[in-house]
Amino acid sequence: MYKGIATFVFLLISVSGFSQNVPFSKEQQDKFTRQAKDYLQDFVRTVILLSDPKKSCDATCQEYRIQGTEDHFIKGAKIQTISLNNKNPRSWPVSQYLRTVVNNYKNRYRLVIVKFNNIVIDSDKLQPIGNNMYKMKGSLTQEFCVKNAQDFAKESNTTNVESFTICEETQKEFEVIIKKQLSASLGERWVVLLGDVNAKTIKNLKGEK
Amino acid sequence: MLRTVILSIFLASFLDGCELLKKDITETEAITIDFIVADAIKDPDELREFVDLVSPIVSARSEEVALKGYDKFLHLYRAGLAPDLTKVDIPAKESLLNFEIFGSPGITKQREDIQAAFSDMQLPEDLTKSNTLKPEEILSSVKTFLGKEKVKDGVFIYSKEGGSSAIEGIPVVSNLDSLKGLIVDKYLQNKLKKFLVIYKIPVEDTPAEKVAELPSVSTSGENAILKESLLKIAAGTDPAERRALAEELFQNAFTEQFYVKMHRESVDAEPELWDYNDGKNYLLRRLTSEESIKDIQIIKVERSGENGKISHLQLVEIHHN
């Protein structure tokens, strides 16, 4: 009887031990986390560059920027959008999101403010998702405040929430993929890539007070 | 018979090629570098950098030509004492004249001779006097001087403290090697041969933002030139011009496939954002589309044994936000 329980406990410990058995040190995991956060901030800077009508980035420059940002995502990754009017999320391939959704902001708005705040990545829960591939999950809060021409003409310099045409906050969840990559010149190494960025909830920041 | 002739031609070409490979830089191109000194100099050692600058400048980018700005005098103008600048020439010792009589030795020897010719310099009184003009008056007198002399291009402010990137449109350079690099660039791009370096001009009281936690950064001459070139791309406002500069830099300085590892802000605190063998894409895609880079620190440069071009580059981008 006792032998049976001991075997069961041993098996349980072994299984849970194996599931946590990842080939990375704590330092490596921290580095992956910081790198993913950097990629996200780089992604935001691309969104700002593409959506600001005042930025001097011509078509080629924009294309380079889009391609550079796309390289930080795993192939096939999607960005989900949600709006106050339509709370059914819609998914876009990364490059399509940048080329159409974001690029269109500068035609519709005179001022676009986008920020990623509270970026949290659960690096302790690294899950194996295939051969030489691991996944971490994270969350962030996206602040998106814009002014159309009319509101911009009224108060161009004010950043008071109420002065914006739209000012909303979206709770998003994202995936971070750690993948073993083999390159002829650089050898075998682990690379960090961003996965899908999904929209969960949205709230209007205007009229909150 | 024909085979012997062909073999002889081949051997002659081969030996000629070897000679070219072995050739030391002996060709020099004369340029002039004048200096405006806008505050008192108390120690003659301060002028050593001027001597260094007028000694033949050799750079991989100027290939086989060294730029020589030396003369029998160091040509200086003193600002800060009166609205009109005072001309102050410091003569070289006779050894420089001997050097001219006995012909041109190698560049290294020329540099040594010039340093020797200007050693133990006595500071002329005008250089040691304290300023009587206010900073804005000094700036105005220098501007008037530049207008009178019709100097537009080839003017640099040399300020070890750094601060602004430009004053009145004149680039501020904080590193002597970078200054040499810029002079070489101007010569290569526009065949410019007349240069003016403004020293000790009152600069804004805002020190350059300190970059903390960086590892020891190489400040060798070539790296300083590379840094200036990368910053020029990053700081440009016209995207097409930035791409042209990036393409030119890639063609001139990098191997076809070079490796770039780029960190943001600090290699201690942040991981790399770019770690690929497609360095060309880094130069063309990222560096030309980034808008907030305020500084670049070069951490590591490796060159190809074949052609001396850069095959490996590790750097840190420092951003405004």
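Before any of the text, the structure's been laid out above.
Since this is a predicted model, take the numbers as computed values, not measurements. (Residues numbered from 1 in each chain as written. Chains lettered and ligands numbered in written order. Predicted model: local features only at pLDDT ≥ 70, side-chain atom pairs only at ≥ 80, totals over all residues. Heavy atoms only, no water.)

**Observations regarding the overall build of chain B**
As a reminder of what qualifies: Only DSSP runs of H or I covering at least 4 residues are called helices, and only runs of E covering at least 2 are called strands; the numbering of each starts at the N terminus. Three exposure classes are used, based on accessible area relative to the maximum for each residue type with a 1.4 Å probe and protein chains only: buried under 20%, partly exposed in between, and exposed over 50%. Throughout, a contact is declared for two residues whenever any of their heavy atoms are within 4.5 Å. In short, Shrake-Rupley with a 1.4 Å probe defines the accessible areas, and a residue's cover is counted only from the protein chains shown.
Along its length, chain B carries 10 helices and 13 strands. Taken across its 321 residues, chain B has 45% of its residues classed as buried. Pairs at least 24 apart in sequence give 70% of the contacts found in chain B among residues at least 6 apart. Of the roughly 16300 Å² of accessible surface on chain B, 52% is carried by carbon and sulfur atoms.

**Considering the side chain of Gln-35 of chain A**
Along the polypeptide, Gln-35 of chain A turns up in helix α2 (residues 26-51). Relative accessible area serves as the criterion here: at 8%, Gln-35 of chain A is assigned to the buried category.

**A few points about the interface of chain A and chain B**
Our working definition: Two parts placed together each lose some accessible area; with a 1.4 Å probe, that loss summed over both constitutes the buried area. When a carboxyl oxygen of Asp or Glu is within 4 Å of a side-chain nitrogen of Lys or Arg, the pair counts as a salt bridge. N or O atoms within 3.5 Å of each other form a polar contact, as long as, within protein, one can give a hydrogen and the other can take it, and as long as residues adjacent in sequence are counted only when both atoms are side-chain atoms.
With 23 residues of chain A at the contact, the number on the chain B side is 24 residues. By the criterion of area lost to chain B, the three top residues of chain A are Asp-38, Arg-45 and Tyr-64 of chain A, representing 26% of everything that side buries. Taken together, chain A and chain B are joined by 6 salt bridges. The residue Arg-243 of chain B makes a salt bridge to Asp-58 of chain A at a minimum N-O spacing of 2.8 Å. Remark: the boundary between chain A and chain B carries 7 residue pairs in polar contact (both at pLDDT 80 or more). Elements supplying a minimum of two residues to the side of chain A that touches chain B: α2 and α3 (59-70) of chain A. Top contributing element to the side of chain A that touches chain B by residue count: α2 of chain A, with 8 residues.

**Some details on the packing of aromatic side chains**
The cut-off we apply is this: Two rings from Phe, Tyr or Trp (for Trp, the six-membered ring) form a pair when their centres are within 6.5 Å of each other. A pair whose planes differ by under 30 degrees is stacked, one over 60 is edge-to-face, and the rest are tilted. Lysine and arginine charges are scored as sitting over a ring when NZ or CZ, respectively, is within 6 Å of the ring centre and within 35 degrees of the ring normal.
A complete count under the given rule lists 16 aromatic pairs over all chains for this structure. Between Phe-43 of chain A and Phe-73 of chain A the ring centres are 5.3 Å apart and the planes differ by 70 degrees, which places this aromatic pair in the edge-to-face class. Note that Phe-43 of chain A is positioned in helix α2 and Phe-73 of chain A in the loop between α3 and β1 (78-81), a separation of 30 residues in sequence. Since its relative accessible area comes to 2%, Phe-43 of chain A is described here as buried. Judged by centre distance (4.1 Å) and plane angle (0 degrees), the rings of Phe-35 of chain B and Phe-50 of chain B are stacked. Of this pair, Phe-35 of chain B sits in strand β2 (residues 32-37) while Phe-50 of chain B sits in helix α2 (residues 48-54); the two residues are 15 residues apart in sequence, bridging distant segments of the chain. Here Phe-35 of chain B and Phe-50 of chain B have matching classes, each one buried. Taken together, Phe-24, Phe-32, Tyr-134 and Trp-190 of chain A form an aromatic cluster joined through their ring pairs. Between Lys-147 of chain A and the ring centre of Phe-164 of chain A, over which it is positioned, the NZ or CZ distance is 5.2 Å.

**Re the environment of Ile-198 of chain B**
Residues and elements named next belong to chain B. Take Ile-198: it is sitting in strand β9 (residues 194-199). A relative accessible area of 1% means that Ile-198 is categorised as buried. Taking C-alpha positions, Ile-198 is 9.2 Å from Val-172, a pair spaced 26 residues apart along the chain. Those residues in contact with Ile-198 that lie beyond four places of it in its chain are Ile-36, Val-142, Leu-146, Val-155, Phe-156, Ile-157, Tyr-158 and Ile-170.

**Remarks on the state of the cysteines**
Residues and elements named next belong to chain A. Formally: Cysteine sulfur atoms are paired as a disulfide whenever they fall within 2.5 Å.
Taken as a whole, this structure holds 2 disulfides over all chains when the rule is applied. Between Cys-57 and Cys-61 runs a disulfide, and the two sulfur atoms are separated by 2.0 Å. Taking the torsion about the S-S bond as the criterion, the Cys-57 to Cys-61 disulfide, at about -95 degrees, is left-handed. Residue classification places Cys-57 among the buried positions, given a relative accessible area of 9%. The disulfide partner of Cys-145 is Cys-167, and the S-S distance across this bridge is 2.0 Å.

**Here's the deal with the sheet that holds strand β10 (residues 254-264) of chain B**
All names here are of chain B. Which entries qualify depends on this criterion: Think of it this way: DSSP has to see at least two bridges between two strands before they count as a pair. Note on geometry: axes are C-alpha line fits, over the in-contact stretch for helices, and angles between N-to-C directions span 0 to 180 degrees.
Taken in spatial order, the 4 strands make up an open sheet running β11-β10-β13-β12, and their pairing is mixed. Of all the strands in the sheet, just β11 (272-276) and β12 (293-303) have a single pairing partner and so form its edges. On average, each strand axis in the sheet is inclined to that of its neighbour by 25 degrees, with strand direction left out of account. Two elements, β10 and β11, share 4 bridges in a ladder whose sense is antiparallel. Within β11, the position partnered with His-263 by the bridge is Glu-272. In the packing of helix α9 (residues 239-253) onto the sheet, contacts are made with β10 and β13 (310-319), and the angle to β10 comes to roughly 120 degrees. Of the strands in this sheet, β10, β11, β12 and β13 touch helix α10 (residues 279-289), which is tilted by about 55 degrees from β10.

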